[in-house]
Amino acid sequence: MILAASFGRTPFAPTYIGRFAPSPTGFLHFGSLIAALASYCEAKSQHGQWLVRIEDTDIPRIYPDSEQQILTCLDAFGFQSDAPILFQKERLDIYEQVLADLQYNDLIYACQCTRKMLGSNHVYQGTCRDLQLPFKQHAIRLKVSDQRICFDDPLQGQHCSNLQQDLGDFILKRRDGIISYQLAVVVDDYLQGITHVVRGADLLDNTARQIWLGQCLGYPRLNYMHLPLAMNAQGQKLSKQNLAQTLDITQAPQLLAQAAQALQQAKLDLDKPEVMLGQAVQQWNRNVIPKQTQLEEVYQ
């Protein structure tokens, strides 16, 4: 178990701590704004804290200037983190220590399989589980068990997964040394004291993996809410890969109002962004958010 004292986790914290954790593989877009607004309002409406974390462990994929654009955007839209902003690429030693603890408890193993070797198999069959390969220069996989993992989502209902049957042992560290999203997010959610995660429905399939890893580490289970995704005219979620428009900070009030409308919240009066956020928190009602994985309106 990774103890709270190991890395300075605060033992006494508010009952609600949420976060917004973008990856700097591109600039923020309207879908990002929806996630930021929902996570912020959900936290503040419950008198909780809202933190910002930059999930940048995949250093080769960091888009030039995207980290600064993210911070500039958040400031222009009135969002303020309740704690210093955390950058994951500065915490690699922590993730390595967690891997060492998992190795000590025989919960991970080295894997030499390449994508070519695995072919079209979507479920990893545990090919390397008993080979006892050296950990250097190999991918590191977490062992999973034949059991159902279920969680209740306020918007998406109950979701269950048997990781052994649906996925197999999954990677925590790539052969090139890059720490996986799954490992970094679970460790940092714990160390930051996160209690509630509000994010897009595109991450639904990751949740069972993160719950399982948290259980392996002895971490408390979090509460999850997955938002319907903003889609473009081609039926694709808004993303850098799909050429979503970068947020125009000169249109911050109008875009905030549009994001609230997308979540079917009460209309916001156009004003300074920080004033609009205050109004959004006062009017926040998660019960009216569409209980589906995609928003019906088309966005850019």
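For the structure, see preceding data.
What comes next concerns the included structure.

Calculation rules
Residues numbered from 1 in each chain as written. Predicted model: local features only at pLDDT ≥ 70, side-chain atom pairs only at ≥ 80, totals over all residues. Heavy atoms only, no water. Helix = DSSP H or I, 4+ residues; strand = E, 2+ residues; numbered from the N terminus. Rg over C-alpha atoms; globule rule 2.2 N^0.38 Å. Contact = heavy atoms within 4.5 Å. Areas by Shrake-Rupley, 256 points an atom, 1.4 Å probe, with all protein chains shown as cover. Lys, Arg positive; Asp, Glu negative; His and termini not counted. Charge placed at Lys NZ, Arg CZ, Asp CG, Glu CD. Buried < 20%, exposed > 50% of the residue type's maximum accessible area, 1.4 Å probe, protein only. Pairing = 2+ DSSP bridges. Right-handed = clockwise from strand over helix to strand, strands pointing away. Salt bridge = Lys/Arg side-chain N within 4 Å of Asp/Glu carboxyl O.

Quick notes on the overall build of the protein
The helix and strand tally for the protein stands at nine helices and 12 strands. Taken over C-alpha atoms, the radius of gyration comes to 20 Å for the protein, in line with the 19 Å a tight globule of 300 residues would show. With the principal axes as the frame, the protein shows a C-alpha extent of 60 × 45 × 40 Å. In the protein, the share of contacts with a sequence separation of at least 24, taken over all contacts with a separation of at least 6, comes to 77%. On the protein, roughly 14900 Å² of surface is accessible, and the fraction owed to carbon and sulfur atoms is 48%. Within the protein, one finds 26 positive and 30 negative side-chain charges whose respective centroids are separated by 5 Å.

Re the pairing of strand β2 (residues 49-54)
Judged by how many residues are buried, β2 sits mostly within the fold: five of six residues are covered. Two elements, strand β1 (residues 17-20) and β2, share four bridges in a ladder whose sense is parallel. Looking at β2, one finds that Gly 18 is bridged to Trp 50. Regarding topology, helix α1 (residues 30-44) serves as the crossover connection from β1 to the parallel β2, and that connection is right-handed. Sheet topology places β2 next to strand β3 (residues 86-87); two bridges connect them, and they run parallel. Bridging from a neighbouring strand, Ile 54 pairs with Phe 87 of β3. Assessed by its sense of winding, the connection that carries the chain from β2 through helix α2 (residues 66-76) to β3 is right-handed.

Considering unusual backbone geometry
In this structure, Gln 132 takes a positive phi of about 55° despite not being glycine. Of note, Gln 132 is situated in the loop between α4 (115-118) and β5 (139-142). Look at Gln 264: it is not a glycine, yet its phi comes out positive at around 60°. Within the element layout of this structure, Gln 264 appears in the loop between α8 (252-262) and α9 (273-283).

Structural notes on the pattern of salt bridges
Scanning the model with the defined rule gives 14 salt bridges in all. Two residues, Lys 44 and Asp 82, come together in a salt bridge whose shortest N-O distance is 2.6 Å. Remark: Asp 82 occurs in the loop between α2 and β3 and Lys 44 occurs in helix α1; sequence separation between them is 38 residues. The partly exposed category is assigned to Asp 82, whose relative accessible area is 36%. Salt-bridge contacts for Arg 91 lead to Asp 188; the nearest nitrogen and oxygen are separated by 2.7 Å. Taken together, the residues Arg 91 in the loop between β3 and α3 (92-104) and Asp 188 in helix α6 (residues 181-191) connect sequence positions 97 residues apart. Exposure remark for Asp 188: the relative accessible area of 0% places this residue in the buried category. Several salt bridges converge on common partners, so that one network encompasses Arg 19, Arg 53, Glu 55 and Asp 189.

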